[in-house]
Amino acid sequence: MTIELRRIDVNLAEKHEEAFDLAEKVISAKRGKPLNRLQRAILKGVWQDQTYEDIAEMTHCSEGHIKDVAADLWKQLSDGLGERVGKKSLKAILERHIQESEILQLEGSLGDERFMSRKRRDCDLAPDVSRFLGRTEELTTLEQWIVDEQCRLVLLLGMGGIGKTALAAKLIEQVHDEFELVIWRNLRNAPAVEEVLSDLIRFLGRRERSDLPSSLDGSIMFLIECLRASRCLVVLDSVEAILQSGDRAGRSREGYQGYGQLFKCVGKTVHQSCLLLENPD
């Protein structure tokens, strides 16, 4: 029986100046010039939870002009940071990027020898493939897509019982040294997407439950930051459990639409990791 492989190429006062510096770097990289006085005033006002009306009064500009300049500012930051930035999300997004940058700088200062010690695997749920034979062509293709071409989202499709799970496990055995973090999770019992995200973030981002975002959007973006910060391979087995029965379009079951949002974001957002999904047809 044939297994179909499918690829989908589809972030406080002491933080105040750090946030300005980050915004300055992002916008300078996009347009080759620093923030102007009005842009800085808007950033400062939004950081201090001021309204556009407050900022307009402070800068002696019309509220409409402030909104126009702010909209352009959010677009530049969204393009530069790879996620949607707005008035309400600005502070959380900049703070998260600052925190991730500090972590990466600390790790870099400790030297490249730390790379091997940072490697971790959590694949206890993967099957034993010590007697795995065949599927050489599929393994070669998957390794090329995931390692060489750095595909962000890959699907294994086909009828149940033809060896897709074993193929995924054998792939991990062959390519795990190419990744800092490897995690395998099974969706057979149809866990809520929030539960899966929490589990992935705790492993990939070394976070406690109390540190996790409370919203679905926040959790997905936090996971994306983890996928950017480290080279990760995430395998979700038995994805059919959260899909509508018999729906070849791959639509999620009622109450599980968050998975579609997660998969779409992982496939379309720039990062250095891969999400591998095993999904019977």
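Below is a short write-up of the structure. What you see is a predicted model, and the numbers here were worked out from it, not measured in a lab.

1. Some thoughts on empty space enclosed by the protein
Part 1 of the argument: The computed volume of the largest cavity comes to approximately 60 Å³.
Part 2 of the argument: In terms of lining residues, the largest cavity is bounded by L200, L223, L227, V234, L236, L262, V266, C274 and L275.
Part 3 of the argument: Going through the elements one at a time, α10 (216-229), β5 (232-237), α11 (257-268) and β6 (274-280) are the ones with two or more residues in the lining of the largest cavity.
Part 4 of the argument: Here the residues of the lining of the largest cavity sort into nine nonpolar, no polar and no charged.

2. Some thoughts on the pairing of strand β4 (residues 181-186)
Part 1 of the argument: Within β4, six of the six residues are buried, which leaves it mostly tucked inside the rest of the structure.
Part 2 of the argument: The pairing of strand β2 (residues 120-122) with β4 spans three bridges and is classified as parallel. Bridge pairing links R120 to L181 in β4.

3. With respect to the environment of R40
Part 1 of the argument: Note on placement: R40 falls in helix α2 (residues 37-47).
Part 2 of the argument: On a C-alpha basis, the gap between R40 and A23 in space is 9.4 Å, while along the polypeptide they are 17 residues apart.
Part 3 of the argument: What R40 contacts, discounting residues up to four positions off in sequence, is E17, F20, E24 and L35.

4. Quick word on the pattern of salt bridges
Part 1 of the argument: As enumerated under the stated definition, the model contains eight salt bridges in all.
Part 2 of the argument: Note that K67 and E63 form a salt bridge whose closest N and O atoms lie 3.6 Å from each other. Linking K67 with E63, this pair stays in helix α4 (residues 63-81), spanning four residues, or about one helical turn.
Part 3 of the argument: What makes K67 partly exposed here is its relative accessible area of 42%.
Part 4 of the argument: The network of salt bridges with shared partners includes D122, R185, D199 and R202.

5. Description of the packing of aromatic side chains
Part 1 of the argument: Within this structure, the stated rule accounts for two aromatic pairs.
Part 2 of the argument: Ring geometry for Y256 against Y259: centres 6.2 Å apart, planes inclined by 20°, an arrangement best described as stacked.
Part 3 of the argument: On the numbers, 6.0 Å between centres and 50° between planes, the contact of Y259 with F263 is tilted. Pair noted here: Y259 and F263 are both in helix α11, with a separation of four residues, about one helical turn.
Part 4 of the argument: Each residue in the set Y256, Y259 and F263 is aromatic and connected to the rest through ring pairs, giving one cluster.
Part 5 of the argument: The ring of W47 carries K91 above its face, with NZ or CZ at 5.6 Å from the centroid.

6. As for the pairing of β5
Part 1 of the argument: Here β5 lies mainly inside the structure; six of its six residues are buried.
Part 2 of the argument: Burial of the side chains of β5 extends over both faces: C232, V234 and L236 are buried on one face and L233, V235 and D237 on the other.
Part 3 of the argument: Summarising the sheet, β4 and β5 pair through six bridges and their orientation is parallel. When the sheet's bridge partners are listed, V182 is paired in β5 with L233.

7. Examining unusual backbone geometry
Part 1 of the argument: Phi at D49 takes a positive value of approximately 65°, unusual for a residue other than glycine.
Part 2 of the argument: As for its placement among the helices and strands, D49 is situated in the loop between α2 and α3 (52-59).
Part 3 of the argument: On the accessibility criterion, D49 (62% relative accessible area) is exposed.
Part 4 of the argument: Within the chain, S238 stands out as a residue other than glycine whose phi angle is a positive 60°.

8. Concerning α4
Part 1 of the argument: End to end, α4 covers 26 Å across 19 residues, agreeing with the expected 27 Å (1.5 Å per residue, within 8%).
Part 2 of the argument: Regarding α4, the residues found buried are I66, V69, A70, L73, W74, Q76, L77, S78 and L81.
Part 3 of the argument: A positive phi of about 80° marks G82, the residue just after α4.

9. Digging into the packing of helix α9 (residues 193-204) against α11
Part 1 of the argument: The contact between α9 and α11 brings their axes to 9 Å, and the two run at 40°. What the angle tells us is that α9 and α11 run oblique. Residues V193, V196 and L197 of α9 form the contact with α11, whose own contacting residues are G258, Y259 and L262.
Part 2 of the argument: Class assignment of the residues belonging to the contact of α9 with α11 gives a composition of five nonpolar, one polar and no charged.

10. Observations concerning the packing of helix α7 (residues 136-148) against helix α8 (residues 164-175)
Part 1 of the argument: Interhelical geometry of α7 versus α8 gives an angle of 55° and a closest axis separation of 10 Å. Judged by the inter-axis angle, α7 sits oblique to α8. Considering only the axes of α7 and α8, their crossing is right-handed. Of the residues in α8, those in contact with E138, L139, L142, E143, I146 and V147 of α7 are L167, K170, L171, Q174 and V175.
Part 2 of the argument: Looking at the contact of α7 with α8 residue by residue, the classes come out as seven nonpolar, one polar and three charged.

Rules and cut-offs
Per chain, residues are indexed from 1 in the order of the written sequence. Local features in this predicted model are restricted to residues whose pLDDT is 70 or higher, and side-chain atom pairs enter the listing and the counts only when it is 80 or higher, whereas totals over whole chains, interfaces and linings include all residues. Side-chain calculation: all heavy atoms of the structure are included, whereas hydrogens and water are not. Here the term cavity refers to a set of points on a 1 Å grid, laid over the protein atoms alone, in which a 1.4 Å probe fits but cannot get out; the term pocket refers to an open set having protein on both sides within 12 Å along at least five of seven lines, with lining residues being those that place an atom within 4 Å of a point. Grid points are joined across faces, edges and corners, and a volume is the space filled by probe spheres set on the points. By definition, any uninterrupted DSSP run of H or I lasting at least four residues is a helix, any uninterrupted run of E lasting at least two residues is a strand, and each is numbered from the N terminus. Residues are grouped as follows: nonpolar covers Ala, Val, Leu, Ile, Met, Phe, Trp, Tyr, Cys and Pro; charged covers Asp, Glu, Lys and Arg; every other residue, Gly included, is treated as polar. For each residue, the accessible area found with a 1.4 Å probe, counting protein chains only, is set against the maximum for its type, and the residue is called buried under 20%, exposed over 50%, and partly exposed in between. In this scheme, strands are said to pair when DSSP sees at least two bridges between them. Working rule for contacts: check all heavy atoms of both residues, and any pair within 4.5 Å makes them a contact. The salt bridge criterion pairs a side-chain nitrogen of Lys or Arg with a carboxyl oxygen of Asp or Glu, the two atoms within 4 Å. Aromatic rings from Phe, Tyr and Trp, with only the six-membered ring used for Trp, were paired whenever their centres fell within 6.5 Å, and each pair was classed as stacked if the ring planes differed by under 30 degrees, edge-to-face if by over 60, and tilted otherwise. Here, a charge over a ring is recorded when the distance from Lys NZ or Arg CZ to the ring centre is within 6 Å and its angle to the ring normal is within 35 degrees. Every helix has an expected span of 1.5 Å times one less than the residues it contains. A fitted line through C-alpha atoms represents every axis, and for helices the fit uses only the stretch in contact; the resulting angles, taken between N-to-C directions, go from 0 to 180 degrees. What sets the label is the angle itself: under 35 degrees gives roughly parallel, over 145 gives roughly antiparallel, 65 to 115 gives roughly perpendicular, and the rest give oblique. Take the far helix as your reference; a near helix turned counterclockwise from it by less than a right angle gives a left-handed crossing, and one turned clockwise gives a right-handed crossing.

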